[in-house]
Amino acid sequence: MNDRLNSSDYPPTDIPTSSQGFILQRGGEELILEKVSDRFTVRPQDNLSPQDLSQANWGNWRRNIPKAQLALFAVPPSQLEGAMSVARASDDVAFASHVYQIKDSPSTRVYLTDQITIQFATWVDSSTINATATKFGLIQQKSVPSLPNTFVFIVGKQAQANPIKISNQLIALPEVVVAEPNIITHQQSHYQPRDPLYPQQWYLNHNGGNQLANGSHISVEKAWDITRGIRSVVVAVVDDSFDLNHPDFQGSGKIVAPRDLKENDFLPLPNEKEASHGTACAGIILAEENGTGIAGVAPGCAFMPIRSTGFLDDESIEDIFNWAVEKGASIISCSWGASAIYFPLSLRQRAAITRAATKGRNGKGCVIFFSAGNANRPVSGTVNEQGWQKDLVKGNTKWLSGFAVHPDVITVSASTSLNKKAAYSNWGNNISVCAPSNNALPGMWFQDQGYVYTQPSITTTLSGRGILTTDQIGAAGYDPGNFTSNFGGTSSATPVVAGVAALVLSVNPDLTAKEVKRILEETADKIVDLEPDPQLKLRYGTYDENGHSQWFGYGKVNALRAVQAAQKLRTATFSTTGILRGENTNKVAIPDNDKQGIKSAIAITDSSLVKDIQVSVNITHDFLGDLEIYLIAPNNHLVLLQNRTLGRRIQLQATYTVRSHPVLQQLLSLPAKGRWQLWVIDYALKDTGKLNSWELILGI
């Protein structure tokens, strides 16, 4: 039996010998490669210093690619083959390889590693696998989790060809279903904010104003009346770096399992030369409400910062998602993509995302978000390109973002403060929802050319306000100071939706990843844009018979409606046979700016197990946003009922239940007997108040 006959994704291939070095097998497709005429890579035998490499006699050393232990060299095109021969003859070089680029995807450099992924047919046994590996000079390194009969091999010194040629020879064998070389490409440089500063977080909630259309926010304030997020919901943000010293990332239990995959340590901090895109994205989701800065969409949730390598090889993607799953991430937010016009995912990359989306969160699946991109192009489709500088892109051009079209991903596009399509926002059938962001010219980053605006040029004025978020402390970031108010792109729309998903899981942690996606789509606001886009003159701002728009997906995310829908789907039922009630009506002044706070106690004498909890609180205070409120169980277990998101309100009469605050589930099944305490802390100067009373109701 040949498994290929049952796989439309991976059709049989018959590649002529003369073309085997120029066809890249990837994601079931064959991409045409071209040699870069003035670049090649070497892998040194030992760790040579930059000084040693700069003195090598086979070319001009440009930089290292540490992920693959490669050094990149440049030579005049006429000297390329000779320089590579000299390098190969050197005792200091393990191997030398051409650098490639994908045809019709300018500046997309492809660097070869020494790995090949092979999926064998199900009927192939281990002896045949070993024989195949020996024939081609391959060494089995590891299996690929969740993919049957799939292994990663190292190309050994005895191999007679490079990984591209070997993969094309393997794919012609009846026992091989997939054979892909593991290549390294650059991650696209992040969208650079360009709009003027605006000091308001209009995208969370607003009541109108300059360039603010009615309902262009996400209605988060009413959602916050239900939940501000809980620490047990962990949001992994994958990006270039994070200023973890920022005041808005501080708080007990705020930062969880940080990882720096670029430097291979646990401090994913930015350097001083580049603005930290990750700091801005993380602030949109998770900034603490602390009275001095901004509030994230889900300020009460925990933050898992993951710094990427900057490259999109198989192992880099596996490392990202494996770390997030192993360390307990609920949500994974990715505001990035490949520096390529056409980029299908490899077998291993697709599998890594699928594993996280189906096996994470103890089988409920991590909720994974990707930004659609900022070129005003389809995430999958063809555009007749013309007018680009230097004819960088021309003619009928296929566009593909492999991450954005993955079926287990929630892909996010961008709307503006005027409820219109953001001019740069990518679009297509794979868009799930949109979220508010800025408005700016469309463009993308190319490795050799830098940031390039897509064509034709837009001559009309682009209206819309920017996004206020966290920035690196001091002068090192986008703007002087600790915040920037001109962030944007689908890079900022994506964390907005990730934050709403964090609120959804905070009220209903039992939801699967697919259920969260469905809730976000079904509760979205159907914004409509009847105008043609100012660049391509397309009109995709309405919805088809399935309620889907190519520009906006199923609509603009609505935090309140999403959280309410999640509440209704809670399956937990609390079967109680009795009620225990306690109340403390002693009025107590809350000390100003005192982390010791005040504690008020209620004694319960019944030792039955707790099956349900309800806490009612009555507080008056000049500025409730100064306060945090905790419930302390008799065993001293601490639960945060209220974080600092109440703002200028002065009267709090609120009831916290297991349904509205699932964090209280941690106290279920404990004996009721003992001293229960309400702990109230004031974290800022000037404003004062008092705890008037509180009530505890326990279901037993």
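Everything numeric here is computed off the predicted structure, so don't read it as measured data. Each chain carries its own residue numbering, running from 1 in the direction its sequence is written. Selection of residues for local features in this predicted model requires a pLDDT of at least 70, selection of side-chain atom pairs for listing and counting requires 80 or more, and totals for whole chains, interfaces and linings are taken over all residues. Derived side-chain values reflect all non-hydrogen atoms in the structure, with water molecules and hydrogen atoms excluded from consideration.

Okay, the sheet that holds strand 31 (residues 674-682) next. The strands making up a sheet associate through backbone hydrogen bonding, with each pair oriented either parallel or antiparallel. Strand order in this open sheet of four strands is 26-31-28-29, and the pairing throughout is antiparallel. The open sheet has two free edges, formed respectively by strand 26 (594-604) and strand 29 (638-642), since each of these has just one partner strand. Averaged over all adjacent pairs, the angle separating strand axes in this sheet is 25°, with direction ignored. Bridging between strand 28 (residues 627-632) and strand 29 involves four bridges; their strand directions are antiparallel. When DSSP finds two or more bridges between a pair of strands, those strands are recorded as paired. The way it works is that DSSP assigns letters per residue, a run of H or I at least four long becomes a helix, a run of E at least two long becomes a strand, and they are numbered from the N terminus. All axes here are fitted lines through C-alpha atoms, helices being fitted over the stretch that makes contact, and every angle between N-to-C directions spans 0 to 180 degrees.

This brings us to the packing of aromatic side chains. Within 6.5 Å between ring centres, the rings of Phe, Tyr and Trp (the latter by its six-membered ring) count as paired, and their orientation is classed by plane angle as stacked under 30 degrees, edge-to-face over 60, tilted in between. Applying the stated criterion across every chain yields a total of 20 aromatic pairs. Taking 5.0 Å as the distance between ring centres and 80° as the angle between the ring planes, the aromatic pair formed by W336 and F370 counts as edge-to-face. Of this pair, W336 sits in the loop between strand 13 (331-334) and strand 14 (342-343) while F370 sits in strand 15 (residues 367-371); the two residues are 34 residues apart in sequence, bridging distant segments of the chain. Ring geometry for F370 versus F403: centroids 4.9 Å apart, planes at 15°, classification stacked. Of this pair, F370 sits in strand 15 while F403 sits in the loop between strand 17 (395-401) and strand 18 (410-415); the two residues are 33 residues apart in sequence, bridging distant segments of the chain. When accessible area is computed with a 1.4 Å probe and restricted to protein chains, residues below 20% of their type maximum are described as buried, those above 50% as exposed, and intermediate ones as partly exposed. The class of F370 is buried, set by a relative accessible area of 0%. With relative accessibility at 1%, the residue F403 sits in the buried group.

Attention now goes to the sheet that holds strand 17. Taken together, the three strands give an open sheet; going across it, the order is 14-17-16, and neighbouring strands pair in mixed fashion. The sheet is open, and its two borders are formed by strand 14 and strand 16 (380-385), each paired with just one other strand. Bridge count between strand 14 and strand 17: two bridges; the pairing is parallel. Note on strand 17: the bridge partner recorded for F343 is S401.

Two elements in contact, helix 9 (residues 490-507) and helix 11 (residues 559-568), have axes separated by 8 Å at closest approach and are oriented at 25°. One element, helix 9, and the other, helix 11, form an angle in the roughly parallel class. Classified by chirality, the crossing of helix 11 by helix 9 is right-handed. Contacts between helix 9 and helix 11 involve V500, L503, V504 and V507 on the former and, on the latter, A559, A562, V563, A566 and Q567. When residue character is reported, Ala, Val, Leu, Ile, Met, Phe, Trp, Tyr, Cys and Pro are called nonpolar, Asp, Glu, Lys and Arg charged, and the others, Gly included, polar. Tallied by class, the residues present in the contact of helix 9 with helix 11 amount to eight nonpolar, one polar and no charged. Roughly parallel here means an angle under 35 degrees, roughly antiparallel means over 145, roughly perpendicular means 65 to 115, and every remaining angle is called oblique. Crossings are classed by handedness, with left-handed meaning an anticlockwise turn of the near helix from the far one by less than a right angle and right-handed meaning a clockwise turn. Pairs of residues are marked as contacts when any of their non-hydrogen atoms sit within 4.5 Å.

Attention now goes to empty space enclosed by the protein. Within this scheme a cavity is a closed region of a 1 Å grid, computed over the protein atoms alone, that accommodates a 1.4 Å probe without allowing it to escape, whereas a pocket is open but has protein on both sides within 12 Å along at least five of seven lines; lining residues each have an atom within 4 Å of a point. Grid points are joined across faces, edges and corners, and a volume is the space filled by probe spheres set on the points. For the structure on display, the rule yields one cavity of 30 Å³ or more. As a volume, the largest cavity reaches approximately 400 Å³. Along its surface, the largest cavity is lined by 31 residues, and Q188, G337, A338, A372 and G373 are the ones closest to its centre. The set of elements that each furnish at least two residues to the lining of the largest cavity consists of strand 15, strand 17, strand 20 (443-446) and helix 9. In terms of residue count, the dominant contributor to the lining of the largest cavity is strand 17 (three residues).

So, about the layout of surface pockets. Computed from the structure, the largest pocket encloses a volume of approximately 1200 Å³. As for the largest pocket, its lining consists of 41 residues, of which H186, K262, T309, G310 and F311 are closest to the centre. A total of three residues in the lining of the largest pocket trace back to one element, the largest contributor, which is strand 3 (residues 60-65). Classifying every residue of the lining of the largest pocket gives 14 nonpolar, 17 polar and 10 charged.

Model confidence for the protein is summarised by a mean pLDDT of 90, while 95% of its residues fall at 70 or above. Across the chain, each position has a pLDDT score giving the predictor's confidence in that residue, from 0 to 100. This model gives residues 1-13 a pLDDT under 50, and the stretch forms 30 contacts once residues within four places in sequence are excluded. Below pLDDT 50 for its whole length, residues 191-199 participates in 36 contacts with residues either more than four positions away or in separate chains.

So, about the side chain of D529. With respect to the helices and strands, D529 occurs in the loop between helix 10 (513-522) and helix 11. According to the relative accessible area criterion, D529 is buried, its value standing at 6%. Here a polar contact means two N or O atoms within 3.5 Å. Within protein one must be a hydrogen donor candidate and the other an acceptor candidate, and residues neighboring in sequence count only if both atoms are side-chain atoms. Engagement of the side chain of D529 in a polar contact is seen with the backbone nitrogen of K421, the distance being 3.1 Å.

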